[in-house]
Amino acid sequence: MQLGLIGLGKMGGNMRERIRRAGHTVIGYDRNPEVSDVASLAELVERLEGPRVVWVMVPAGAPTQSTVDELKELLSEGDIVVDGGNSRWTDDEKHAAELAERGIGFVDAGVSGGVWGLENGYALMVGGSDENVARVKPIFEALKPEGEFGYVHAGKVGAGHFSKMVHNGIEYAMMQAYAEGWELLEAADSVTDVREVFRSWQEGTVIRSWLLDLAVNALDDDEHLEKLRGFAADSGEGRWTVEAAIDNSVPLPAITASLFARFASRQDDSPQMKMIAALRNQFGGHAVESAK
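Residues numbered from 1 in each chain as written. Predicted model: local features only at pLDDT ≥ 70, side-chain atom pairs only at ≥ 80, totals over all residues. Heavy atoms only, no water.

S.K.: Can you break down the layout of surface pockets residue by residue, with the values?
M.R.: Its volume calculated, the largest pocket comes out at about 1,400 Å³. Lining of the largest pocket is provided by 50 residues; of these, M11, M57, G85, N86 and H286 occupy positions nearest its centre. With seven residues, the single largest contributor to the lining of the largest pocket is helix α7 (residues 159–187). Residues belonging to the lining of the largest pocket are distributed by class as follows: 22 nonpolar, 19 polar and nine charged. (1 Å grid on protein atoms, 1.4 Å probe; cavity = no way out; pocket = protein on both sides within 12 Å on 5 of 7 lines; lining within 4 Å. Points joined across faces, edges and corners; volume = space filled by probe spheres on them. Helix = DSSP H or I, 4+ residues; strand = E, 2+ residues; numbered from the N terminus. Nonpolar A, V, L, I, M, F, W, Y, C, P; charged D, E, K, R; others polar.)

Structure, rendered in structure tokens:
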């Protein structure tokens, strides 16, 4: 299968490689000519055989909107656009309607896997019509982890990004719990090797997880996280999760508290946020701020 892929950053570049390893043809475009296969979106569309599938992997908001606007003018009836970025689900409904004016299909794909996805695969939560999702399924199969799980057609347009948003909200709360536990251990005089306590939890405990493994990785790099400033940004999905909870009258005390803890980190050099920052850097390559 042929695929056009727009956005070849930390995730997009690895996705291109994983899809190619599965035997598909990927033509990639990025504003950075050093990684791009073509010089423009127009050239990308020109090199794809119809009906085309073009996957957008750029930041949410204005960059995604401008890309969809340009593709609307370049693509033809029967083509499909997949938004694999972290767009808000309400934007999906808008983009689907805009593209439908030209007979262009739309699929939203929540993608989780970060910088580890090339080797481990990407968990995929997809929204769209049965027909459009089926057209793209060979690419989803190439990207997902080996085995039975890791891919779901979650529902109609917007369901993929809504599911990924909730996934990220849960991620906020899990990271916050590890961070709070780490700070308490560091504060206790009786505990002399916090890193090895975390390592001991990696096997046989009910709190073992990939995030715990990444926490140990971070502590191996910087045992007391002294190199980091206690500051953690939020990419938007935590806020959207809390807003959706309000709209649906669903109580989310743990996720809401974890979001507000990140806001607090911007006021003080929070020890907990050093762990959050370290974990975000480990799984997603997100930027960290050095201690002054």
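Structure's up, so let's keep going.
S.K.: I'd love a proper account of the side chain of Q65, names of residues and values included.
M.R.: Following the sequence through the fold, Q65 ends up in helix α3 (residues 62–74). What Q65 contacts, discounting residues up to four positions off in sequence, is K94, H95 and E98. (Contact = heavy atoms within 4.5 Å.)

S.K.: Break down the packing of aromatic side chains for me, citing the residues and quoting the values.
M.R.: By the definition in use, this model includes six aromatic pairs. Aromatic pair W116 and W210: ring centres 6.1 Å apart, planes at 85°, arrangement edge-to-face. Separated by 94 residues along the polypeptide, W116 in the loop between β5 (105–112) and α5 (117–120) and W210 in helix α9 (residues 210–221) bring together distant segments of the chain. Take W116: its relative accessible area is 33%, and that puts it in the partly exposed class. Ring geometry for F140 against Y151: centres 5.5 Å apart, planes inclined by 25°, an arrangement best described as stacked. With F140 in helix α6 (residues 130–143) and Y151 in strand β7 (residues 151–155), this residue pair connects regions lying eleven residues apart in the sequence. By relative accessible area, which is 0% here, F140 ends up buried. (Phe/Tyr/Trp six-rings, centres within 6.5 Å; stacked < 30°, edge-to-face > 60°. Buried < 20%, exposed > 50% of the residue type's maximum accessible area, 1.4 Å probe, protein only.)

S.K.: If you had to explain the pattern of salt bridges to someone new, which residues and values would you point to?
M.R.: Considering all chains together, one arrives at 16 salt bridges under this definition. Between E223 and R195 there is a salt bridge, with its nearest N and O atoms 3.7 Å apart. You can see E223 sitting in the loop between α9 and α10 (237–247) and its partner R195 sitting in helix α8 (residues 194–200), a full 28 residues away along the chain. Note on E223: relative accessible area 28%, which makes it partly exposed. Salt bridges here are not isolated pairs; linked through shared partners, they connect R195, E196, R199, D220 and E223. (Salt bridge = Lys/Arg side-chain N within 4 Å of Asp/Glu carboxyl O.)

S.K.: Which residues make up the side chain of R280, and what values go with them?
M.R.: On the secondary structure map, R280 appears in helix α12 (residues 271–284). Buried within the structure, R280 lacks any salt-bridge partner; its nearest side chain of opposite charge belongs to E171, at an N-O separation of 5.9 Å. (Lys, Arg positive; Asp, Glu negative; His and termini not counted.)

S.K.: Which residues make up a nonpolar patch on the surface, and what are the values?
M.R.: A cluster of nonpolar side chains, V115, W116 and W210, forms an exposed patch at the surface whose accessible area comes to about 260 Å². With respect to the helices, strands and loops of the structure, V115 is situated in the loop between β5 and α5. With relative accessibility at 33%, the residue V115 sits in the partly exposed group. (Patch = residues over 30% accessible without salt bridge, like charges linked within 9 Å, V, L, I, M, F, W, Y side chains within 5 Å. Areas by Shrake-Rupley, 256 points an atom, 1.4 Å probe, with all protein chains shown as cover.)

S.K.: Tell me about the packing of α3 against helix α4 (residues 89–100), residues and numbers included.
M.R.: Contact geometry for α3 and α4: axes closest at 10 Å, N-to-C directions at 15°. Taken together, α3 and α4 sit at an angle that is classed as roughly parallel. Here α3 runs over α4; the crossing is right-handed. On α4, the residues touching T64, Q65, V68, D69 and K72 of α3 are K94, H95, E98 and L99. A per-class count over the contact of α3 with α4 returns two nonpolar, three polar and four charged. (Axes fitted to C-alpha atoms, helices over the stretch in contact; angles between N-to-C directions. Parallel < 35°, antiparallel > 145°, perpendicular 65-115°, else oblique. Left-handed = near helix turned anticlockwise from the far one by under 90°.)

S.K.: An account of the packing of α7 against α12 is requested, with residue identities and associated values reported.
M.R.: Interaxial distance between α7 and α12 falls to 8 Å at its minimum, and their mutual angle equals 130°. The orientation of α7 relative to α12 falls into the category oblique. Of the two elements, α7 crosses α12, and the hand of that crossing is right-handed. When α7 is examined against α12, the residues E171, M175, Q176, A179, E180, W182 and E183 are found in contact with a partner set consisting of P271, Q272, M273, M275, I276, L279, R280 and F283.

S.K.: Explain the sheet that holds strand β4 (residues 80–83) to me, using residue names and the numbers behind them.
M.R.: In space, the seven strands of this open sheet follow the order β2-β1-β3-β4-β5-β6-β7, with mixed pairing throughout. Every other strand in the sheet has two partners, leaving β2 (25–29) and β7 as the edge strands with one partner each. Taking the axes of each pair of neighbouring strands and ignoring which way they run, one obtains an average angle of 25° across the sheet. Judged from the four bridges that link them, strand β3 (residues 53–56) and β4 form a sheet pairing that is parallel. When the bridges of β4 are listed, V56 appears paired with D83. Relative to the sheet, helix α1 (residues 12–21) contacts β1 (2–6), β2, β3 and β5, its axis offset from that of β2 by approximately 165°. (Pairing = 2+ DSSP bridges.)

Purely spatial values, then, with no claim about function.
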